[in-house]
Every structure is written in structure tokens, then in C-alpha cells.
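Here is what each chain is made of, one letter per residue.
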Amino acid sequence: MQHPVKSQFKHQLALLGLASMLGWALGAIAWSLVLALAGMLLWHSWQLHRLRVWLRKSDHRTVPESRGVWGDLFDDLHRLLNRHRKAEDKLRQVIGRVQKSTSALQDAVVMLDSSGDLEWWNRSARRLLGLRRPDDVGEPLTNLIRDPRFLRYLERREFAEPLELPSPINKRLQLQFTVTEFGQSDRLMIIRDVTRLKQLERMRRDFVGNASHELRTPLTVIRGYLETLQDQFGGQQPRLLRALQQMEGQAKRMGNLVTDMLMLSRLETTDRPMDELPIDIGRLLREVFEDASALAPDKELQLQLEIDERYLLLGQERELLSAFTNLATNAVKYTPSKGRVNIRWQVDALGGQYEVCDTGVGIEAHHLERLAERFYRVDNGRSSAQGGTGLGLAIVKHVMIRHGGMLEVDSNPGKGSCFRCHFPAKLMQLKRTDSTESALLIES
Ligand code: ADP
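Q: Explain the sheet that holds strand β13 (residues 428-430) residue by residue, including any values.
A: The sheet built from three strands is open, its strands ordered β6-β8-β13 with antiparallel pairing. Either end of the sheet is taken by a strand with one partner, and the two such strands are β6 (277-279) and β13. Taken over all neighbouring pairs, the strand axes of this sheet differ in orientation by 40° on average, direction set aside. Here β6 runs beside strand β8 (residues 311-315); their pairing, made up of three bridges, is antiparallel. In the strand pairing of β8, Pro278 is matched with Leu314.

Q: Please provide a residue-by-residue account of the site of the ligand, values included.
A: Residues in close proximity to the ligand total 21 residues, the closest being Asn330, Tyr334, Ser383, Thr389 and Gly390. At 2.8 Å from an oxygen atom of the ligand is found a main-chain nitrogen or oxygen belonging to Thr389. Leu393 is positioned with one of its backbone polar atoms (N or O) 2.8 Å from an oxygen atom of the ligand. In the complex, the protein chains occlude 99% of the 530 Å² of accessible area that the ligand would expose alone.

Q: Could you give an account of the state of the cysteines, with specific residues and numbers?
A: Applying the stated criterion across every chain yields a total of one disulfide. Across a sulfur-sulfur distance of 1.9 Å, Cys357 and Cys418 are joined as a disulfide pair. The chirality of the disulfide connecting Cys357 with Cys418 is right-handed, given an S-S dihedral of about 110°. In this pair, Cys357 sits in strand β10 (residues 351-358) while Cys418 sits in strand β12 (residues 416-424), placing the two residues 61 residues apart along the sequence. What makes Cys357 buried here is its relative accessible area of 16%.

Each value, and the rule that gives it
Throughout this description, residue numbers start from 1 for each chain and increase along the sequence as written. Reporting of local features is limited, given that this is a predicted model, to residues whose pLDDT is at least 70; pairs of side-chain atoms are given and counted only at 80 or more, and all residues count toward the totals for whole chains, interfaces and linings. Values reported for side chains reflect all heavy atoms of the structure, with hydrogen atoms and water molecules removed beforehand. When DSSP finds at least two bridges between two strands, those strands are taken to pair. Helix numbers and strand numbers start at the N terminus; a helix is a DSSP run of H or I with at least 4 residues, a strand a run of E with at least 2. Every angle, taken between N-to-C directions, lies between 0 and 180 degrees, and every axis is a line fitted to C-alpha atoms, over only the stretch in contact when it is a helix. Only heavy atoms are used to decide nearness, and a residue is near a molecule or strand if one of them lies within 4 Å of it. Think of a polar contact as two N or O atoms within 3.5 Å of one another; within protein, one of them needs to be a possible hydrogen donor and the other a possible acceptor, and neighboring residues in sequence only count if both atoms come from side chains. Residue exposure ignores everything except the shown protein chains as possible cover, and the areas themselves are Shrake-Rupley values with a 1.4 Å probe. We call a pair of cysteine sulfur atoms a disulfide whenever their separation is within 2.5 Å. Burial classes follow relative accessibility: with a 1.4 Å probe on protein chains only, a residue under 20% of its type's maximum area counts as buried, one over 50% as exposed, and anything between as partly exposed.

Remember, this is a structural readout, not a statement about activity or role.
See below:
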């Protein structure tokens, strides 16, 4: 088959040939050629006009009749438009299905453009966030959720952790926001109602707190009676004395457990306190050091305390005392006789650092990640023999989170461990008295 453009070209050449022959016969070749060319131009312009009119129509089901290259052009375009329409229909169906299924979701789904303006949302977003169509389309989401924590979360662009906030239209609803970035800084936000989950969590924590509290009084009574019984009958009956001593040991352990559980539940249930007071870390650490020194005198450990006295730490004294004591006590507990324990407080441009290093049993690397979990013990027998509760490091971790800091552990099995608490620089306050002595070293 001949190519349509070639055949069209041949037709036009033949027409021009005919026109020149006619012009030669009539003695006016130039006029005849001009007339033929003008005719061809008119015909092409007319076809172009038809094409334009046809393309502008919304319905392209009927194709204009034409011959030659224009006929082929109309047919090709018709085929292309048909293919495009089918693809569009398919895409529309897919979008419709996605929108229908996301509309049926219990979780709210919100799409934001790169400037944080609302593009699309599902039905649950109306229920949880109060978004209304069409009024809110194109509005910045931060106009509707005005909580400063939400603004900070979006600005920081660190979406690895979800954010929890009360709903802007119903403060009793607790919502969890998860953000995924896609395309060119567009954001897909999934908002989940976690009210019930939070209630259950709070009930669980309250239960642990209340149960621990209730256990305190009976335990105190039992320990009191055990002491009295030992005083009264211990001297006469050594076997009874041994039994009473063991009972007292276990009651003491239970007491420690109750105290740690209460502390942990208080750390979990109360919000981070805003009234952080300046604490004299030197005084606090001398207290910690004395307690640690008195813990195992028979082990003959070498204990050393080093304090940078220039700064005060803004924080909660009771919580910090508990965390610092836990780390110092652990070092003494898990270091064999004649070992060394160094307790150090130092401040630099990055902040404050409390460090407890020992030459004790150490911890294998694979335990380190889970060490601060509740009741996680490297060696159950060893921990129980030392009177451990398995909650000490969980308390330290929580206290550090509440102070905006973090706990870091370095350990070498058989050689020793270093536990470091890093506090942010904003919690450091220079002491007013210009003391010449900036560092203090105490050895036991
Ligand atoms: P525990 O009351 O059992 O000491 P912790 O939460 O304080 O519980 O510590 C968890 C576990 O971490 C301990 O059981 C112990 O195995 C290990 N551990 C903590 N501190 C040290 C340390 N300084 N040296 C070696 N192991 C340690």
C-alpha cells in the first residue's frame, strides 16, 4: 500500500502539472499555477478548520468524512482519542474505588499539598477533626488544628514517631497522627482514634499504682512482726531464727518491688512537671555515694566520686535521686570484690553527664537493647541474689525521658560497664557563687 503523504504529494504534483498544461494551452501558465495553488491552500485551510471544530467538540464518536491525508489524520486522531478516553475511564474507576474504600475507613485520611493546605479527606476526618467540604478545601490544616505541638510536629518534619493530641472538636477524643510524605513534599495523614486504648492504658497503670500502694501497709506490718519475733525467739531457736531471717529478706525484697512499682507508675501516669527546680548535684551525688559505699562493705570496693561543681541541674530531685541511686547501686551489686566503681558528674557545651563506670561482670552486647525493659534481667539468679527488682533501669530510662535526656550503656563482658545519663544543655544553670573549686574528688 502506498504511504498516504506520498500519494497526497503525487496528487498535488499531478494537479499542478495539469494546471500548467492548461495555462500553457491558454497562454497564461503563471495565472493558472497561482489559481491551482490558491485552491489547494483553501482546501487545506478548510480541512484544518474542520479539525479544529471537531477537536473542540466534547463528543468524538463521529469522525468527519475526508479524503487522502486528512481522512487518515481524522481516523488516527479518532483512534488516539478513544484510547485516551478508555484509560481515563479506567483511572476514574480506580480513583472512585480508592475514595470509596478510604471513605469507609474508621481512621481519618487527610491529604495535604506541599504547603500544608487541605486537598482531600475522607468521612472519618469530618467526625474526628470537623473538616467540612467545600469550605475547608485549600485551607491550611494548621488553621483548624491550632495546638502548638501539632505545628512543631509538622515543622520539624520528623515523622518516624506518631503524635498524640486531643481532637480539636472534642477534647475527650485522643487522636494519634501518622504522617507519610510522598511526591513533592505532599503529605498523607492518617488519624486514629486511640481514646479507648489510652483509657485502658491508664486503667492498667492506675491498677498497678493502686495495688502497689495497697500492698505497702500489710508489708510494713509483716516486717514489723518478723523483727519482733526474731528479737523474742531468735536467741533460743536458731532454726526458727533462720526461717524468720529468710522471711524478712523476702519481705524486704517485696518492699523494694512495691517501691519501684510505685515510682514507675508515678513516672508513667503523671505529666512531665513544668516546675523544674535548680538542684545542687554535688549534694545529691554525695548522698548517692554514701549509700553506695555503705551497700557492700565486705566487698572492699574502691569507690570514687568526681563532681563538676560549677552548675546546678534543673529537674525533679526525687526522680533524679532515684535514677542516680539505681545506677550506683547496680554498679556495686554487679562488681565483684576489690573492684572499682567511678561515679562522675561533668558539664560541657553539650550538657550535663552523669556517669557510673564499674569493673564488674559486664553485659553481653545482645542484652543492651532490652536492658531498660521492665523485669528484663541478664541473669535471673544473679539479680535475685542481689535483691534486684528488675525495674531499676526502667525507672532510669523514664526519668531521663522526662528530663529530655537519654541513657547510654557501654559494656564489656567480664571487664565492666559504663552507664551514662545525658542531660540537655538547657537544663544546666551556672551557680551564682564564684567558687574557685570547680571539681571535687572523693574516694572511699
Ligand atoms: P535489677 O534490679 O535486676 O538490677 P535493673 O533494671 O536495675 O534490674 O537492671 C537490669 C539488669 O541489667 C540486671 O538484672 C543486670 O543483669 C543488668 N545490669 C544492670 N546494671 C549492671 C551493671 N552495672 N553491671 C552488670 N550488669 C548490670
